[in-house]
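Chain residues, written in single-letter form:
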Amino acid sequence: MLPKIESIPGSYELWQSQVSSPWATVSQDEVQWGLAETNRRVIQCSRCPELAQTRTKTVFSSGVPFLASGSPSLCLVGEAPGYYEDQSGEPFVGDAGELLTRILGSIGLSRDKVYICNVLKCRPPQNRKPLPAEVSNCQGYLWTQLSVVRPPVIVCLGSTAAFGVLGLAQSVTSLRGKTFQFQSIPVICTYHPAYLLRHGEAKREVWEDMKRVKLLLMAAAAGSPSGADKS
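The paragraphs below set out a description of the structure included in this document. Bear in mind that the values here come from a model prediction, so they are computed numbers and not experimental data. (Residues numbered from 1 in each chain as written. Predicted model: local features only at pLDDT ≥ 70, side-chain atom pairs only at ≥ 80, totals over all residues. Heavy atoms only, no water.)

The next point concerns the side chain of Glu-37. Tracing the sequence through the fold places Glu-37 in helix 2 (residues 28-44). Looking at Glu-37, the relative accessible area reads 14%, which means it is buried. One polar contact links Glu-37 to Arg-40, side chain to side chain, over a distance of 2.6 Å. (Helix = DSSP H or I, 4+ residues; strand = E, 2+ residues; numbered from the N terminus. Buried < 20%, exposed > 50% of the residue type's maximum accessible area, 1.4 Å probe, protein only. Polar contact = N/O pair within 3.5 Å; in protein donor to acceptor, adjacent residues only side chain to side chain.)

Dropping the structure here:
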């Protein structure tokens, strides 16, 4: 087990290696420093030349990594920024963002009390689906966010999010109803809000998925372990 990190390290790489352990105890100052430094690297990133040339802003995250109580926040992971996200630098704005707000409200949560990010930090041209190489290039940033925040539950919104977090190249339909794990953190997969805008009949399924998320959050708050299952 790694010892508690007592101070901000001089090396980002050292910090990254420390927080990657699921047993590391990281202070809130350490979380904030690490996320800010990761965001700085995202802003400077040019691993995907096309995306770096066409983006207006990088989109790192919104919300809070931990609550006022000090407990980590629920984390939602989307696919990539769209037009409005690219303009604002915030994830999930526009119609899909409004729907996400309502989805969170259905289980008693508000957007200012969760942590929201995307697999890709730059908008793909014409909102096309992210390429596998682009997901690979951005995956390290995403995994760093998840590793340091260590949310009680991760919700993958769409198949690209599931691939970025879990490495599973499967449809959301095949992933729904199961609890996976990322570094011992429960992961639930459901449909992306943009999909729901085109397929309103799937909203009931998302409601069932979010009820599962709520149960996992309640179990985490009570200190109950939540292992992966295939049911």
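This next bit is on the environment of Gly-89. Position of Gly-89 among the secondary structure elements: in the loop between helix 4 (83-88) and helix 5 (94-105). Gly-89 sits in the buried class, given a relative accessible area of 16%. Considering only alpha carbons, one finds Gly-89 and Cys-122, 33 residues apart in sequence, at a separation of 9.4 Å. Discounting chain neighbours no more than four positions away, the residues touching Gly-89 are Lys-57, Thr-58 and Val-59. (Contact = heavy atoms within 4.5 Å.)

This part is about empty space enclosed by the protein. What the rule picks out here adds up to 1 cavity of 30 Å³ or more. The calculated volume of the largest cavity comes to roughly 100 Å³. Taken together, 15 residues form the lining of the largest cavity, with Cys-45, Cys-48, Arg-55, Cys-122 and Cys-138 sitting closest to its centre. For the lining of the largest cavity, the secondary-structure elements that each account for two or more residues are helix 3 (49-54) and helix 6 (132-149). Looking at the lining of the largest cavity, the element that brings in the most residues is helix 6, giving 4 residues. (1 Å grid on protein atoms, 1.4 Å probe; cavity = no way out; pocket = protein on both sides within 12 Å on 5 of 7 lines; lining within 4 Å. Points joined across faces, edges and corners; volume = space filled by probe spheres on them.)

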